[in-house]
Amino acid sequence: MNILEWSFLSGVLTATAPVLLAALGGLICQVAGVFNIALEGQLLWGAFTAVVVSDLTGSAWAGVAGAAVATLLFAGLLSAAAVSLRADPIVVAVGLNLLALGLTAFLMRQIFGSGGTYTSPDLAGLPTLAELGLDVPVLGPQSPLVPVALLLVVAAAWWLGRTRSGLRARGVGQHAEAAAAVGLRVGGYRHGVTLAAGVLCGLAGAQLALGNVTLFSEGMSAGRGWIAVVAVMLSGVRPYRLLLACLLFGIAEAVGFRLQGAGLPQQAADAAPYVITLVALVLAAVAGRRRRENA
Amino acid sequence: MRITPALAGTAALFALAACGGGGEAGTTPASENPPAKSIILITPNPVGTNSFLQLGVKGAEAAAKDLGASFKLYESKDPTSIAQNVDAAVRAKPTVIVGISFSFDDVFSTVPKQHPGQQFLQVDSCAKDQAPNLACVSFKEHEAAYLAGVEAGLLTASGQIGVVAALDTPFIHRWIDPFFAGARSVKPEVTGTPLYVGGNNPFSDPARAKSQAQTLTGRGVDVIAAAASGGNQGVFEAVAASGGKAFGVDVNQCAQSPGNVIDNILKHVDVAEAAAIKEIVAGRTGGVKVYGLAEGGVGVTALAEDATASGCTVGDNPEVLAKVRQVRDDIVAGKTTVADPLQG
Amino acid sequence: MMSDRIRGLLIAWAVSIGAVVTALLASLVVVALAGSSPAEAAQALFDGAFGSTNRTAAMLAKAVPLTLAALGWVLAFSARRINVGLEGQILAGGAVAATIGLLVGGVPAALHLPLLVLGGIAGGALWAGIAAWLWVKRDVNEIIATLLLNLIMVQAVSWLVSGPLEEPTHTLGQTEPIAATARWPVLIPGTVLHWDLLLVPLLAVGLSFFLRGTTAGFRLRATGANPAFAAYSGIRTARVSALALVASGGIAGLAGASLIGATPQANMADNFSANYGFEGIVVALLARNSPLGCIPAAFLFASLKQGGGLLEARAGVPSGLVLVTQGLVIILVAGAGYLFERRRTRRVTAKAPSQPLPSEAPASDPTR
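Since this is a predicted model, take the numbers as computed values, not measurements.

S.K.: Kindly report on the overall build of chain A, identifying the contributing residues and their values.
M.R.: Assigned secondary structure in chain A consists of eleven helices and two strands. Reading the helices (α) and strands (β) of chain A from amino to carboxyl end gives α-α-α-α-β-α-α-α-α-β-α-α-α. In terms of overall dimensions, chain A is globule-like: its C-alpha atoms have a radius of gyration of 19 Å, near the 19 Å expected for 295 residues. When its C-alpha atoms are laid out on the principal axes, chain A stretches across 55 × 45 × 40 Å. If you take every contact in chain A between residues at least 6 apart in sequence, the share linking residues at least 24 apart comes to 75%. For chain A, the accessible surface area stands at approximately 10800 Å², while carbon and sulfur atoms represent 65% of it. A gap of 19 Å separates the mean positions of the 16 positive and 12 negative side-chain charges of chain A.

Here you go:
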């Protein structure tokens, strides 16, 4: 493989990482029966808090930790309203997405004194693996959070398939009443996954704002949280399929850049992944129906 | 191209993420006794950190100062409140009412006709149905892009240059085609590649802008013009990592990424607007006033007196500075013409 | 029985109003913490929406698409279909309306405006129809389908306004103003308020009557309340639900036609839907899915949107605060509802779940 293709793969991985981290959060929520569409807002909040903490402390890792904690707290709102108070998680998520957009715009002006884009020499970005001594193709230019995201896919698969708590979480998601009847604390599992998704979205935001680039700009999540939701849908709550779905979007983004040269309207390239997703959903549904009919 | 947060917001597709512009007319109340001369500037959006609108305010203030006129700023919260602000301005009866951007196209094709005694000025666009008491200011952005292209052609080592633009629209091609043409004028073998940010938030997606810039640098491109509004910083990061260089757009962005920005494709909104206001006050009303290099309405930082101290890397290359100034003189003198992509 | 219902309604409204008041107070606390004067901010917010005829008219103009989108949600939700694609349906309806306004010429207003309106309805209904078809025939969950269709339509509109429908100078990324004959006439001269305001009472009362007073409306509600029982009593639930989704899209498309034909600029630009499709959901929620309740709820949200404009200019408060307030209202209404409302345990789906997809996931079950 020549250098050009390495850089292509590397670009795909960079584009995939924040979406994948957020999607992992969506996946574990889905497993336990919480439909979480607040990923977009949490991703934006994570990006903002990562930049604020990194800017204050001069440490990117403090920024990552800060984003994880801050987004955990933010997810606490969803957890409290949707799990404790049994509000509809879709509705609460719509509220959280608005709240994140408003709060980041508001606080940005309060903290940095202006809107738009913020960057500064004091703002520490995450180092690349190459800078940390792991100078290999594809992974070398990535931040350490990228291999972490990939390992988390493996961890999620192991948790869901091999651990008692993972199996129980699935039980909670598939049949809450039955799970409660055998003594499982349904609310506890749901609080757990919602908060964990907050941490994952915090990492996703930190990767976006301190890994992919080193800055914050208003609305910089730019729909990545929604793509994560779509990926969760496509995955059928299987972590490896989730990885594939996220890579599909990463590749679509990278290939989209290349299609532009070929005279296709850029909007067609941008819409393509969503059209493909719809078609894939139709095919999956048809295949699923056939399986059931045969069974 | 102008940096318009409104566009950035509106382009955001997941409407949840795009819910930015909430409100309405933030009008500054007009005074009761207007002095002999007065100027009211209406913006389509809050000025805030919008550098384009900031220049607009600066130009109107400068003109007011020179003319001894009073100056009032009516900020619209979003384009839907423009009509109300224009009404308020008309009631205040200033010497000139200035509106910035295409957002005024509709209002300015009706209101000036209803108030023939009132002078209007529209900056950076022109209402289709232009009344005799409406003057318009437009820019030859392509001339500035051409000059930047000359610099890029002289400074590229690989012979490959690129542009990362927000969207693929004919207007945005004013920053692309002339940039490549300028480069080829000094180095005919230069190849130019444009890539577009697109996606869900094309005017404010630095991560996508960066990955496109990386796609370009991965192919050996070493000079990239950043016409991606809020995404420009991502382009600067990409060239910094690859050892390439970038161009900023609209305002001096060299300080945003020290050592990585060659120069900027500038639109001197303030200069053009102040000049146009003075012309109107002097009685030369109506018509379209086009500001290019000759009028100082567009340019590059390299043309400034203090180019070597501007923080832009072009300042380290005296021969490039000299060449750019010579090409500028050629364009002004009509010896070189820059093709306008919009006329193509 | 009757008094129970009235008591329930009173409590429901108390919850909504309480949530709004709490969210406003919380926002004012944020203003105070940020070092600005809450009194000044509140005054600016009020003046921004009611300070002059112009501003009140602008507020009312904003309430029109908000109410329509909310009614679209209510209609689909009566059959327990979750239409999060209102935004895309507004765009689709507006795109068709704009095309009619631009390309059809030489017809009198008496014909052109109805064409624009019908085109808007058709566009929205068609776009929702794709999701309805996918749901009925292909078992694709309507939440994900409508969400994806939003994304696709945004790109389609972006392509239209910077491609085939762009104004002749190709500089602005938007269309020319549509023909004067296709526009809604202005209701109050000199303001941005158009006659499409009439749609608000018309459709709200109409939908309320339809749901409560007609057989078709009964079938719709029966399908939503208990699909298994509805099917058992001979209602073709899949068909009813799909039609509800399509009609819901039609109302959203009507809002799209208003955003093209009842605005001062009267043209189509990128993302002209301006988030009305999602805010409409919030309005419907605040109105507790009552069609008539959507009117005051929409006015409240329109006042916030309109009033927020003066916040930054006069009180120096970044207008992002209005979004914060809106977000808080939603979370509080959603969260508080449970404390007052007895939990209902009916199942949602009109069809047997075929995939482990979101609306079937118990915790997201919107009817609980």
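S.K.: I'd love a proper account of the environment of Phe-102 of chain B, names of residues and values included.
M.R.: Residues and elements named next belong to chain B. Within the secondary structure layout, Phe-102 lies in the loop between β3 (96-100) and α4 (107-114). Residue classification places Phe-102 among the buried positions, given a relative accessible area of 13%. Considered as a pair, Phe-102 and Cys-126 are 24 residues apart in the sequence and their alpha carbons are 6.9 Å apart.

S.K.: Lay out the packing of helix α2 (residues 39-57) of chain A against helix α9 (residues 224-235) of chain A with the relevant residues and their values.
M.R.: All names here are of chain A. Two elements in contact, α2 and α9, have axes separated by 7 Å at closest approach and are oriented at 135 degrees. Judged by the inter-axis angle, α2 sits oblique to α9. Relative to α9, α2 is oriented so that their crossing is right-handed. Every residue of α9 that contacts α2 at Leu-39, Glu-40 and Leu-43 is listed here: Arg-224, Gly-225, Trp-226, Ala-228 and Val-229. In terms of residue class, the contact of α2 with α9 is made up of five nonpolar, one polar and two charged.

S.K.: An account of the sheet that holds strand β2 (residues 70-75) of chain B is requested, with residue identities and associated values reported.
M.R.: Residue and element names in this part refer to chain B. The strand order β2-β1-β3-β4-β5-β11 describes an open sheet built from six strands, whose pairing is parallel. Edge positions in the sheet fall to β2 and β11 (287-291), since each has one partner strand and no second. Strand-to-strand, the axes of this sheet are offset by a mean angle of 20 degrees, without reference to chain direction. Where strand β1 (residues 38-43) meets β3, four bridges bridge the pair, whose relative direction is parallel. Looking at the pairing, Ile-42 lines up with Gly-99 of β3.

S.K.: Give a detailed account of the pattern of salt bridges, specifying residues and quantitative values.
M.R.: All names here are of chain B. Tallied over the full model, the rule gives 16 salt bridges over all chains. Linking Glu-141 and Lys-267 is a salt bridge whose minimum nitrogen-to-oxygen distance equals 2.7 Å. With a gap of 126 residues between them, Glu-141 in helix α5 (residues 141-155) and Lys-267 in strand β10 (residues 261-267) connect regions that are remote in the sequence. Judged by relative accessible area, which is 3%, Glu-141 ranks as buried.

S.K.: Please set out the packing of aromatic side chains residue by residue, giving values where relevant.
M.R.: Residue and element names in this part refer to chain B. Summed over all chains, the structure comprises 13 aromatic pairs over all chains. A ring pair is formed by Phe-171 and Trp-175, whose centres lie 5.4 Å apart and whose planes are at 90 degrees; its orientation type is edge-to-face. With relative accessibility at 12%, the residue Phe-171 sits in the buried group. Here Trp-175 falls in the buried class, since its relative accessible area comes to 2%. Considering the side-chain rings of Phe-179 and Phe-247, the 5.5 Å spacing of their centres and the 80 degrees angle between planes classify their relative orientation as edge-to-face. Placement of the pair is Phe-179 in helix α6 (residues 177-186) and Phe-247 in strand β9 (residues 245-250), with a sequence separation of 68 residues. Residue Phe-179 is classed as buried on the basis of its relative accessible area of 0%.

S.K.: Lay out the environment of Ala-128 of chain C with the relevant residues and their values.
M.R.: All names here are of chain C. By secondary structure assignment, the location of Ala-128 is in helix α5 (residues 109-138). For the pair formed by Ala-128 and Ile-188, sequence separation is 60 residues and the distance between their alpha carbons is 34 Å. Among all residues touching Ala-128, those that are not within four sequence positions of it are Gln-89, Leu-245, Val-246 and Gly-249.

S.K.: Give a detailed account of the state of the cysteines, specifying residues and quantitative values.
M.R.: Residues and elements named next belong to chain B. Summed over all chains, the structure comprises two disulfides over all chains. Each disulfide pairs two cysteine sulfurs, and for Cys-126 the partner residue is Cys-136, the sulfurs being separated by 2.0 Å. Taking the torsion about the S-S bond as the criterion, the Cys-126 to Cys-136 disulfide, at about 70 degrees, is right-handed. Separated by ten residues along the polypeptide, Cys-126 in the loop between β4 (119-123) and β5 (134-139) and Cys-136 in strand β5 bring together distant segments of the chain. Among the residues examined, Cys-136 registers a relative accessible area of 0% and is labelled buried. Here Cys-254 pairs with Cys-312 through a disulfide, and the sulfurs are 1.9 Å apart. One quick way to see it: the torsion about the S-S bond of Cys-254 and Cys-312 is about 100 degrees, and its sign makes the bridge right-handed.

S.K.: Can you explain the environment of Leu-45 of chain C? Please cite residues and give values.
M.R.: Residue and element names in this part refer to chain C. Checked against the element boundaries, Leu-45 lands in helix α2 (residues 38-50). Separated by 265 residues in sequence, Leu-45 and Leu-310 have C-alpha atoms that sit 6.2 Å apart. If we ignore the near neighbours within four places in the chain, the residues touching Leu-45 are Leu-24, Leu-304, Gly-307, Gly-308 and Leu-311.

Cut-offs applied
Residues numbered from 1 in each chain as written. Chains lettered and ligands numbered in written order. Predicted model: local features only at pLDDT ≥ 70, side-chain atom pairs only at ≥ 80, totals over all residues. Heavy atoms only, no water. Helix = DSSP H or I, 4+ residues; strand = E, 2+ residues; numbered from the N terminus. Rg over C-alpha atoms; globule rule 2.2 N^0.38 Å. Contact = heavy atoms within 4.5 Å. Areas by Shrake-Rupley, 256 points an atom, 1.4 Å probe, with all protein chains shown as cover. Lys, Arg positive; Asp, Glu negative; His and termini not counted. Charge placed at Lys NZ, Arg CZ, Asp CG, Glu CD. Buried < 20%, exposed > 50% of the residue type's maximum accessible area, 1.4 Å probe, protein only. Axes fitted to C-alpha atoms, helices over the stretch in contact; angles between N-to-C directions. Parallel < 35°, antiparallel > 145°, perpendicular 65-115°, else oblique. Left-handed = near helix turned anticlockwise from the far one by under 90°. Nonpolar A, V, L, I, M, F, W, Y, C, P; charged D, E, K, R; others polar. Pairing = 2+ DSSP bridges. Salt bridge = Lys/Arg side-chain N within 4 Å of Asp/Glu carboxyl O. Phe/Tyr/Trp six-rings, centres within 6.5 Å; stacked < 30°, edge-to-face > 60°. Disulfide = S-S within 2.5 Å.

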